[in-house]
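The primary structure of each chain is shown beneath.
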Amino acid sequence: MFLCPVALAVAAAALAGCHREPTFDERYEAARTQIDKTAREIDAQAMGSGAPPAAEEDEDTAK
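Quick caveat: nothing in here was measured; it's all calculated off a predicted structure.

Draft legend 1. Fine view of the overall build of the protein chain. In terms of helices and strands, the protein chain carries three helices and zero strands. Along the protein chain, helices and strands appear, N-terminal first, in the series α-α-α. Every one of the 63 residues in the protein chain was classed for burial, and the buried ones make up 0%. A total accessible area of about 5900 Å² is found for the protein chain, and carbon and sulfur atoms account for 65% of it.

See the structure below:
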């Protein structure tokens, strides 16, 4: 009788350690999320740097 609950606990622990690999779509979504986050951080840094936006530079060089 004691062996059955112990065996169940061991089996549950073994199954809990197993996990499946992420699918392509899951990996793609994670990468896209990270890229979007990095792009927002770069944009925020560029906006705070005092550098003129590209459109203003083009107008100045056209004069």
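On we go from here.
Draft legend 2. Looking closely at the pattern of salt bridges. Under the counting rule described, the total for this entry stands at three salt bridges. We note a salt bridge from R20 to E26, for which the minimum N-O separation is 2.9 Å. Put simply, R32 and D36 hold a salt bridge, and the shortest N to O gap is 3.9 Å. In this pair, R32 and D36 are both assigned in helix α2 (residues 24–48), four residues apart and thus about one turn of the helix distant.

Draft legend 3. Molecular detail of the confidence of the model for the protein chain. Residues of the protein chain with pLDDT of at least 70 account for 67%, and the chain-wide mean is 77. When the elements of the protein chain are averaged for pLDDT, helix α3 (residues 54–62) gives the smallest value, 53, and α2 the largest, 94.

Quick notes on the rules
Residues numbered from 1 in each chain as written. Predicted model: local features only at pLDDT ≥ 70, side-chain atom pairs only at ≥ 80, totals over all residues. Heavy atoms only, no water. Helix = DSSP H or I, 4+ residues; strand = E, 2+ residues; numbered from the N terminus. Buried < 20%, exposed > 50% of the residue type's maximum accessible area, 1.4 Å probe, protein only. Areas by Shrake-Rupley, 256 points an atom, 1.4 Å probe, with all protein chains shown as cover. Salt bridge = Lys/Arg side-chain N within 4 Å of Asp/Glu carboxyl O. pLDDT = per-residue confidence, 0-100.

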